[in-house]
Amino acid sequence: MRAITFSTYGGPEVLQLSDVPVPEPGPGQVRLAVRAVGVNPIDWKIRSGAMRQNSQIAFPHIPGLEVAGVVDAVGDGADFALGDEVFGWSETGAYAEYALAKAVAPKPANLSWPDAAALPVAGETALRVLGLLGIREGETLLIHGASGTVGRFAAQVAVARGLTVIGTGGSRSLEDLKSLGVVPVLYGDGWLERVREAAPGPVDAVFDAAGRGALPGSVELRGTKDRIVTIADGAAFELDIPFSSMGEQTREVLIEVAGWVTDRGVDIAHGRSYPLEEAAAAQAESEGGHPGGKLTIAVS
């Protein structure tokens, strides 16, 4: 099968289109004929070697966590059938024509392949952090990076749960955030004063999905380190603020995430979709920031 691999750490140029053996499913696994792949910052962070202390990989390595496709083979104990359309997390790398997975869920019929591939990481992360923050109806939540894939999902969920959501983003994203029911605030110098002006009262919780050095100002805004969580700023460890990076990869979580889109109207903003052979360009755009929506790879 065709797959994107890399055999050394480096820039996007280390990614190669390769011919590799088709994997065979083990107990509890299914093999997917891949239709779409989600591109995430963790993909290029692993490729660059930035995660080598925390994420040991064997070379050659196939990148990619988020996958959506059609069940092509079934291992012992896996309760899916040939031809089932599913989405979830790949265990063998998703940038490939075939991938193995255990944590998958049925893809709703009204969910497109790119939508399905965009959901696992962003949806699980958003719901996890909102749970850690203990958000409640009537509260005010500040989301740094509300225009990003994770922040945008979290903002919509929080609005639906009856919170006032203040979301920071770039100038191009402010109208989009407003259309989602978010109070938009331009990020960058002066953001703290702009949030104070926009907030109807005290800010009850802060979700940092951007990692742009906003944690000290968030503590100042809250007057405490309580109810601040980041998924992107390593300064959290020095500041004694929770850094949430991993959650549960389960079918139940995937079903809940998909339900927010199919049943409760959460909108997914898509950026460019790349063919498999242009995976290096997809990672380069992700690494450059501001892709304008979720980047995906169309495999077949």
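Look above for the structure.
Values in this document were obtained by computation on a predicted structure and should not be read as measured data.

Conventions we followed
- Residues numbered from 1 in each chain as written.
- Predicted model: local features only at pLDDT ≥ 70, side-chain atom pairs only at ≥ 80, totals over all residues.
- Heavy atoms only, no water.
- Pairing = 2+ DSSP bridges.
- Helix = DSSP H or I, 4+ residues; strand = E, 2+ residues; numbered from the N terminus.
- Axes fitted to C-alpha atoms, helices over the stretch in contact; angles between N-to-C directions.
- Contact = heavy atoms within 4.5 Å.
- Buried < 20%, exposed > 50% of the residue type's maximum accessible area, 1.4 Å probe, protein only.
- Arc of directions from axis to C-beta.
- Phe/Tyr/Trp six-rings, centres within 6.5 Å; stacked < 30°, edge-to-face > 60°.

Enquirer: Kindly report on the sheet that holds strand β9 (residues 164–169), identifying the contributing residues and their values.
Expert: A sheet is described by the order of its strands in space; here 5 strands give the open sequence β10-β9-β8-β11-β12, paired in parallel fashion. Single-partner strands in this sheet number two, and they are β10 (183–186) and β12 (228–230). Neighbouring strand axes in the sheet, compared pairwise and without regard to direction, differ in orientation by 15° on average. The sheet strands contacting helix α5 (residues 191–198) are β8 (140–144), β9 and β10, and the helix crosses β10 at an angle near 160°. Across the sheet, helix α6 (residues 215–222) touches β8, β11 (205–208) and β12, and the angle it forms with β12 is around 165°.

Enquirer: Can you lay out helix α9 (residues 279–288) for me, pointing to particular residues and giving the numbers?
Expert: Those residues of α9 lying buried are Ala279, Ala282, Gln283 and Ser286. For α9, the buried positions fall inside an angular range of 95° around the axis, keeping them on one side. Among the structural elements, β1 (2–5), α1 (41–48), β13 (270–275) and β14 (294–298) are those in contact with the buried residues of α9. Within two residues after α9, Gly289 carries a phi angle of roughly 85°, on the positive side.

Enquirer: Just give me the short version of α6, but keep the residues and values in it.
Expert: If you check which residues of α6 are buried, you get Leu215, Gly217, Ser218, Leu221 and Arg222. Each buried residue of α6 lies within a common arc of 155° when the element is viewed along its axis, so the set occupies one face. Lining the buried residues of α6 we find β8, α5, β11, β12 and α7 (236–239). After α6 finishes, the residue Gly223 shows a positive phi value of roughly 80°.

Enquirer: With reference to specific residues and values, describe the packing of aromatic side chains.
Expert: Summed over all chains, the structure comprises 3 aromatic pairs. Ring geometry for Tyr9 against Phe59: centres 5.2 Å apart, planes inclined by 75°, an arrangement best described as edge-to-face. Highlighted residues: Tyr9 in the loop between β1 and β2 (16–19) and Phe59 in the loop between α1 and β4 (66–74), separated in sequence by 50 residues. Here Phe59 falls in the partly exposed class, since its relative accessible area comes to 35%. Ring geometry for Phe237 against Phe243: centres 5.3 Å apart, planes inclined by 20°, an arrangement best described as stacked. Judged by its relative accessible area of 63%, Phe237 falls in the exposed class. Given a relative accessible area of 28%, Phe243 falls into the partly exposed group. Grouped by ring-pair contacts, the aromatic residues Phe6, Tyr9 and Phe59 constitute a single cluster.

Remember, this is a structural readout, not a statement about activity or role.
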